[in-house]
Amino acid sequence: MKLKYYIQTGVVALAAATVGVSCTDTWDDHYSVNGTVPGATLWENMQLDESIRPFVRVLDSCGYKDILNANQVFTVWAPEITDAEAQEWIDTYKREKSQGIIDDDNSTLNQFIKNHIAMYNQQVSSLTKDETVKMMNGKRLTLTGSMLNGEVNMVGNGVPSSNGMLYKVDGPATFFPNIWERLRMDLEGDNGLDSVANFFLSWNRIELDEEASVPGGIVDGETVYLDSVMYNYNPLFNQLGRIDSEDSLYWFVAPTNKIWKENIDLYRSYFEYHQSLGEDGDSLQNLYSKFMFLYSSCFNVRSQELPFNEANPDSIVATTYTSFYPDCSKFEWPMQAGGLLYGLTPQECSNGRLYKATDWRIPPTKLIYMTPVQVEAEYANNYSTVTLSGDSTSIQVNAVEATNEKFRVSGGGYLVVRDARSGRTNQPEITFKIPSTLSNCPYDIKVVFASPLAGDSLAKEDAQLKRQFTAKIRYYSSRTGDMIEGSNAVTLCTDVDVDATKMDTVTVATGFESPVCNFGEEDPRVLLTIQSIKGRTVPDGYSKDLAIDCVIFEPRPTSGSGSDEN
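These lines cover the structure that appears in this document, whether it is placed above or below. (Residues numbered from 1 in each chain as written. Predicted model: local features only at pLDDT ≥ 70, side-chain atom pairs only at ≥ 80, totals over all residues. Heavy atoms only, no water.)

**As for the overall build of the protein chain**
(1) Moving on: Looking only at helices and strands, one finds 11 helices and 29 strands in the protein chain.
(2) Moving on: Computed over C-alpha atoms, the radius of gyration of the protein chain comes to 32 Å, more than 25% over the 24 Å expected from 2.2 N^0.38 for 566 residues, which places it beyond the range of a compact globule.
(3) Moving on: Dimensions of the protein chain, computed from the C-alpha atoms along their principal axes, are close to 105 × 65 × 45 Å.
(4) Moving on: Relative to its 566 residues, the protein chain shows a buried fraction of 50%.
(5) Moving on: Sequence separation of at least 24 residues holds for 71% of the intrachain contacts in the protein chain that already meet a minimum separation of 6.
(6) Moving on: For the protein chain, the computed accessible surface area is about 26,500 Å², with 45% contributed by carbon and sulfur atoms. (Helix = DSSP H or I, 4+ residues; strand = E, 2+ residues; numbered from the N terminus. Rg over C-alpha atoms; globule rule 2.2 N^0.38 Å. Buried < 20%, exposed > 50% of the residue type's maximum accessible area, 1.4 Å probe, protein only. Contact = heavy atoms within 4.5 Å. Areas by Shrake-Rupley, 256 points an atom, 1.4 Å probe, with all protein chains shown as cover.)

Written out as structure tokens, the structure is:
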């Protein structure tokens, strides 16, 4: 089994001058005054004002001299800050660069510099009403003729420049983080959120935007780009929710570091792969356990069923909700006592709310990973006709379409199993391949037998004959062991009667656990064998023929620290 995933393992250097935008992009015309273009650039004009020199120091230390000295058009709101504040921003920038944090996620760039620069010309003098301006970090700040973001005042008049407009403000504009940014800012030990943030960060990768980049030719069969435009891509955001997007509206429930540590081992125990997978097994365990833990913690407010009362919704569904599993990822009355969000104080973000969870109310039973594994008997890929003794030629099978609407048959069909052998060895037998099983998770195993009447309403005589079966199971006895041999298959039940006049569901085992996970692998590691009556004769009132609709492995996990009440 192969799983394609990416983990950031090194430092990827972005060209600071591009900031995700090609130098060859088409920009607005330069600012002009009375039909002429001012001669000085933004950078040159900023050198003339001593009061914004600390801000200029930060820009210079972070590689913005060339950007603001070039032809791209920007509007800059240069804040008056102290030398100490400037040095703190510079130290933060250098520290995060040394840690391999990419420019898109650098605090100084994203929270400070880009929070005071916008693309294109933003002329305050032409405003007739309050407006918003989109800054380079994606934040939308309010703009009036005299104030930025409703909190800092314009000082003096704007300075036209050859590549934009320069304004001065009497202090820095407040950075309003989105959910993803606030997650990464919360580093308070046991009460912090770095465990969640680090999991997301481990999936960051830098990709080339081929359409926006400028190709320069082919070298050794590879395209070489004269101007490469890179962007940060994280597949987890697409899976769980775009909590990094300014244009979204989410609620996110994040476990504190303490809660993460208390719960993650439970989830890891469900994904213990066989040692034959080596490092791939360890990677899969790390991935699935953490992904499963957060699987139902993100909620898209705009996707909730209307009318949606944000103050007290009657229910809320996670981004991973699907109507095929209506009990998973759905929480009733989340704001009321015992509810998912009851008693949690939301942290308002630019794209929604962050709820810090100091106890965990999303049990494993709420996750789609814990839905029943159902194997349809009639599909050839789901079974093997090789008997436990190794005979591969005697068993005959026939997939039958369920045409009688009085019988509810899953998948629209069932499998009839017979044995072509004569004499005492005659024993219809079929083995089902059970995929996607979790390790250390109790399963109730059920077999649904079909009535002959489901496929033939005239088979009344056959339906009066009982069936009788024995169920045996094979699995890997340990993470280092082999599959149990056919002769040593574990017997789950013996000589159980089946009523063929109806669809008869029989529980053949409760609490079955396998020490080896099979989730995401192509080949199953659990095999369930159903055997009919053995011998040349058949007891009165019985038939050896088996008619099987499906096999169900129903998980019964421990609830963890969550509650099933919601």
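**Concerning the state of the cysteines**
(1) Moving on: For the coordinates displayed, the defined rule picks out 0 disulfides.
(2) Moving on: Free cysteine C349: the closest other cysteine sulfur is in C298, separated by 12 Å. (Disulfide = S-S within 2.5 Å.)

**Considerations on the sheet that holds strand β1 (residues 74–79)**
(1) Moving on: Taken in spatial order, the 4 strands line up as β2-β1-β8-β7 in an open sheet, and their pairing is mixed. Looking at strand neighbours, the two that pair on one side only are β2 (117–119) and β7 (159–161), the edges of this open sheet. On average, each strand axis in the sheet is tilted by 20 degrees relative to the strand beside it, whichever way the strands run.
(2) Moving on: Judged from the 3 bridges that link them, β1 and β2 form a sheet pairing that is antiparallel. Each bridged residue has a counterpart across the sheet, and for V76 the counterpart in β2 is I117. (Pairing = 2+ DSSP bridges. Axes fitted to C-alpha atoms, helices over the stretch in contact; angles between N-to-C directions.)

**Let's talk about unusual backbone geometry**
(1) Moving on: With omega at -5 degrees, the peptide bond leading from L306 into P307 counts as cis.
(2) Moving on: Within the element layout of this structure, P307 appears in the loop between β14 (298–300) and β15 (315–317).
(3) Moving on: Residues other than glycine seldom take positive phi values, yet S436 does so here, at roughly 55 degrees.
(4) Moving on: Residue position: S436 is located in the loop between β23 (429–434) and β24 (443–449).
(5) Moving on: Looking at S436, the relative accessible area reads 30%, which means it is partly exposed.

**With respect to the sheet that holds strand β17 (residues 346–349)**
(1) Moving on: Read across the sheet, 4 strands follow the order β14-β13-β18-β17 without closing on themselves; strand pairing throughout is mixed. Two strands close off the open sheet at either side, each with one partner strand: β14 and β17. The sheet shows a mean angle of 20 degrees between the axes of neighbouring strands, taken without regard to direction.
(2) Moving on: When β17 meets strand β18 (residues 352–357), the two strands line up antiparallel, connected through 4 bridges. When the bridges of β18 are listed, E348 appears paired with R353.

**Digging into the packing of aromatic side chains**
(1) Moving on: According to the stated counting rule, one finds 26 aromatic pairs in the structure shown.
(2) Moving on: Relative to F293, the ring of W260 lies with its centre 5.4 Å away and its plane at 65 degrees, an arrangement referred to as edge-to-face. Taken together, the residues span a long stretch of sequence, with W260 in helix α9 (residues 257–269) and F293 in helix α10 (residues 279–293) at a distance of 33 residues.
(3) Moving on: Here W260 falls in the buried class, since its relative accessible area comes to 7%.
(4) Moving on: On the numbers, 6.0 Å between centres and 90 degrees between planes, the contact of F271 with Y369 is edge-to-face. Here F271, found in the loop between α9 and α10, pairs with Y369, found in the loop between β18 and β19 (373–376); they are 98 residues apart in sequence, far enough to count as distant.
(5) Moving on: Owing to a relative accessible area of 11%, Y369 belongs among the buried residues under this scheme. (Phe/Tyr/Trp six-rings, centres within 6.5 Å; stacked < 30°, edge-to-face > 60°.)

**Some remarks on the nonpolar core**
(1) Moving on: Counting residues in each nonpolar core, the largest one holds 90 residues, and the members touching the most others are I530 and F553.
(2) Moving on: If sequence neighbours within four positions are ignored, I530 has contacts with P428, E429, I430, F432, V447, F449, F469, T470, A471, L546 and I548.
(3) Moving on: Ranked by size, the runner-up nonpolar core spans 25 residues in total, among them A78, I81, F112 and L166. (Core = buried A, V, L, I, M, F, W, Y, C linked by side-chain atoms within 4.5 Å.)

**So, the pattern of salt bridges**
(1) Moving on: For the structure shown, the criterion picks out 23 salt bridges.
(2) Moving on: A salt bridge links E310 to R353; its shortest N-O distance comes to 3.7 Å. Pair noted here: E310 is in the loop between β14 and β15 and R353 is in strand β18, with a separation of 43 residues, a long-range link.
(3) Moving on: The class for E310 is partly exposed, based on a relative accessible area of 33%.
(4) Moving on: By relative accessible area, which is 17% here, R353 ends up buried.
(5) Moving on: With a shortest N-O distance of 3.0 Å, R467 and D462 are connected by a salt bridge.
(6) Moving on: Look at R467 and you get buried, because its relative accessible area is 5%.
(7) Moving on: On the basis of relative accessible area, D462 is assigned to the partly exposed category, the value being 30%.
(8) Moving on: Residues participating in the shared-partner salt-bridge network are D444, K446, E554 and R556. (Salt bridge = Lys/Arg side-chain N within 4 Å of Asp/Glu carboxyl O.)

**Let's talk about the environment of G241**
(1) Moving on: Along the polypeptide, G241 turns up in the loop between α8 (235–240) and β13 (250–255).
(2) Moving on: Using a relative accessible area of 6% as the deciding quantity, one classes G241 as buried.
(3) Moving on: A C-alpha to C-alpha distance of 9.2 Å links G241 and A318, two positions 77 residues apart in sequence.
(4) Moving on: Contact partners of G241, with chain neighbours within four places excluded, come to L236, Y250 and C298.

**What about the packing of helix α2 (residues 53–61) against helix α4 (residues 83–98)?**
Helix-helix packing is described using two parameters, namely the angle between the two axes and the distance between the axes.
(1) Moving on: Where α2 contacts α4, the two axes come as close as 8 Å, and the packing angle between them is 10 degrees. On the basis of their axis angle, the class for α2 and α4 is roughly parallel. Crossing of α2 against α4: the hand is right-handed. Judged by residue contacts, P54, R57, V58 and S61 of α2 engage D83, A86, Q87, W89, I90 and Y93 from α4.
(2) Moving on: Class assignment for the residues of the contact of α2 with α4 results in 6 nonpolar, 2 polar and 2 charged. (Parallel < 35°, antiparallel > 145°, perpendicular 65-115°, else oblique. Left-handed = near helix turned anticlockwise from the far one by under 90°. Nonpolar A, V, L, I, M, F, W, Y, C, P; charged D, E, K, R; others polar.)

**Some words on the environment of E461**
(1) Moving on: Relative to the assigned elements, E461 resides in helix α11 (residues 460–463).
(2) Moving on: Owing to a relative accessible area of 71%, E461 belongs among the exposed residues under this scheme.
(3) Moving on: E461 sits 295 residues away from L166 along the chain, and the two C-alpha atoms are 93 Å apart.

**So, the packing of α9 against α10**
(1) Moving on: At a minimum axis distance of 9 Å, the contact between α9 and α10 shows a crossing angle of 120 degrees. With respect to α10, the element α9 is oriented oblique. The hand of the α9/α10 crossing is right-handed. Here α9 contributes I259, W260, N263, I264, Y267 and R268 to the contact with α10, which in turn contributes Q285, N286, S289, K290, M292 and F293.
(2) Moving on: Taken together, the residues of the contact of α9 with α10 sort by class into 6 nonpolar, 4 polar and 2 charged.

Distances and angles like these do not, on their own, reveal function.
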